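Survey of secondary and tertiary structure
Given next are the chains, with one letter for each unit.
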Amino acid sequence: MMGRQTADQRRLFYEFHLEDRVPGNHLLRRINGFVAAALSDLHSELASYYSHTGRPSIDPELMIRMLIVGYTYGIRSERQLCEEVSLNLAYRWFCRLDLEDEVPDHSTFSKNRHGRFRDSDILRHLFERIVMACVVAGLVRGEGFSVDASVMEADASRYHGLTPDEIDWSKTAKPSRAVREYLEALGEAGDLEPGRKPPKVISRSDPASAWTAKANKRVQFGYGLNYLIDNEHAVIVDVEATPARTYDEVASTRVMIRRTAERVGLKPKRLAADTAYGTGKFLGWLRDEDIEPHIPVWDRSRREDGTFSRGDFAYDVDRDLYVCPNGKLLRSTGRLHSDGTYRYIASKRDCDACPFKPKCCRKQPVRRVLRDPNETARDYARRLAETEAFEQSSRERKKVEMRFAHLKTHHGFERMRLRGLSGARDEFHLAAIVQNLKTMAMRLTKPPATAVA
Ligand code: SF4
């Protein structure tokens, strides 16, 4: 017999407990305990940012819980998030709202989120508390770390890029937060480091983002999402926002490794990364920090035209010279040149009389070999690249790439919603918080055999 829905929706009284409506295996229920513990000191942490007088703001715990819901389920529009929290029982329960409690309207939510709350750096505090909880729970081993960066498209039109001299910032009547932050950072940064060029194109609406075509994507403005993960369970031990430029991404790794040592007390024995991180400077820094670089060396010395590459010349450490394939010596004056290398030069008399000259320096009178000041560290990384431990690290490094893939496919995170480096920082911290919470739920909680209806 065909059934018919006959229930009356106009009942006056109900027996209803929100607590009973959220299944035991619901993700929000499984992460709730960890969030509650991490937020236990929230109000005291934020006390100095809020006035004791005036209208009360939205409770910061409610804001953080709503943001966690948003970044867990890919609801990053503030308007949509407020609507969804109002309608969804599980979201209400997680946000500690009862059935009749008012959900903040999106404009109030937005005003609170981008005011004192954003200045407070509370998301960084929350992130570190969650990392510490992972450490205490044994999810972080602290031996092997991996680092990588992924480009996130900025909230800036790729069709409206301008050269820096086309923009006169002094004529901007009411600069946005992103522009103010950019101009302040420019003022503090001073001159560019040697070897760095100023950007060719910048965005008027989000000038801190970088004009990039990385990862074989179309050219766009973007930020680099930098993750440092522990290889054991892919817990994100640090996160950093940078413009989407390789130089900044590699530089941020030093910041993350030092900060993880200071704040969490963890320093890896080895670091895995892709070739972009295999520069002499970075490998030299890792050697000084006593961290094994499981990183392919960035090497442009290999020649593909059949002539001798630098690898065909043997370096003699004791005498600080190279020995060429003909057994002759290439010496250096010891001067570091403007391109950041030492030059080792053969004798003209040796090269003139050499039978290998066509295969060595056909067009030049003598052969020169360039040496990076960190060549010893590069050689060390090359030797490590032949070990089984390196192979293992290369496999484990995929976990950080999987983090980015999950973020894009399961959390709908491909484009920034907030502008400026501080906006990218907020969004990336939320992403990392949510991904770590999911790892904790998966590794530390067991869903009950039967779910509550
Ligand atoms: S050309 Fe000069 S540097 Fe090259 S192999 Fe001969 S002697 Fe050595």
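Data block above holds the structure.
To start, this report covers the structure provided alongside it. As the structure is a computational prediction, the values presented were derived from the model and not from experiment. (Residues numbered from 1 in each chain as written. Predicted model: local features only at pLDDT ≥ 70, side-chain atom pairs only at ≥ 80, totals over all residues. Heavy atoms only, no water.)

Describing a nonpolar patch on the surface
- The grouping of Tyr-14, Phe-16, Leu-89 and Leu-99 at the surface amounts to a nonpolar patch, some 350 Å² of accessible area in total.
- If you trace the backbone, Leu-99 turns up in the loop between helix 6 (89-94) and helix 7 (106-113). (Patch = residues over 30% accessible without salt bridge, like charges linked within 9 Å, V, L, I, M, F, W, Y side chains within 5 Å. Areas by Shrake-Rupley, 256 points an atom, 1.4 Å probe, with all protein chains shown as cover. Salt bridge = Lys/Arg side-chain N within 4 Å of Asp/Glu carboxyl O. Helix = DSSP H or I, 4+ residues; strand = E, 2+ residues; numbered from the N terminus.)

Observations regarding the sheet that holds strand 10 (residues 321-323)
- Taking strand neighbours across the sheet as the criterion, the 5 strands line up as 9-10-11-12-13 in an open arrangement whose pairing is antiparallel. On the outer flanks of this sheet lie strand 9 (314-316) and strand 13 (368-371), each paired with one strand and no other. Ignoring strand direction, the axes of neighbouring strands in this sheet form an average angle of 30°.
- Note: strand 9 against strand 10, 3 bridges, orientation antiparallel. (Pairing = 2+ DSSP bridges. Axes fitted to C-alpha atoms, helices over the stretch in contact; angles between N-to-C directions.)

Some words on the environment of Glu-396
- By secondary structure assignment, the location of Glu-396 is in helix 16 (residues 388-410).
- With relative accessibility at 15%, the residue Glu-396 sits in the buried group.
- Separated by 164 residues in the primary sequence, Glu-396 and Glu-232 have C-alpha atoms spaced 8.4 Å apart.
- With near-sequence residues (within four places) excluded, Glu-396 lies in contact with Ser-146 and Asn-231. (Buried < 20%, exposed > 50% of the residue type's maximum accessible area, 1.4 Å probe, protein only. Contact = heavy atoms within 4.5 Å.)

Observations concerning the packing of aromatic side chains
- This structure, assessed with the given rule, holds 12 aromatic pairs.
- Centre to centre, the rings of Phe-308 and Phe-356 are 5.9 Å apart; their planes meet at 75°, and the pair counts as edge-to-face. With Phe-308 in the loop between strand 8 (292-294) and strand 9 and Phe-356 in the loop between helix 13 (348-352) and helix 14 (357-360), this residue pair connects regions lying 48 residues apart in the sequence.
- Looking at Phe-356, the relative accessible area reads 33%, which means it is partly exposed.
- Through successive ring pairs, a cluster of aromatic residues spans Tyr-71, Phe-413 and Phe-428.
- A cation over an aromatic ring shows up here: Arg-29 above the ring of Trp-93, its NZ or CZ 4.6 Å from the ring centre.
- Directly above the aromatic system of Phe-413 lies the positively charged group of Arg-76, at a separation of 4.0 Å from the ring centroid. (Phe/Tyr/Trp six-rings, centres within 6.5 Å; stacked < 30°, edge-to-face > 60°. Lys NZ or Arg CZ within 6 Å of the ring centre and 35° of its normal.)

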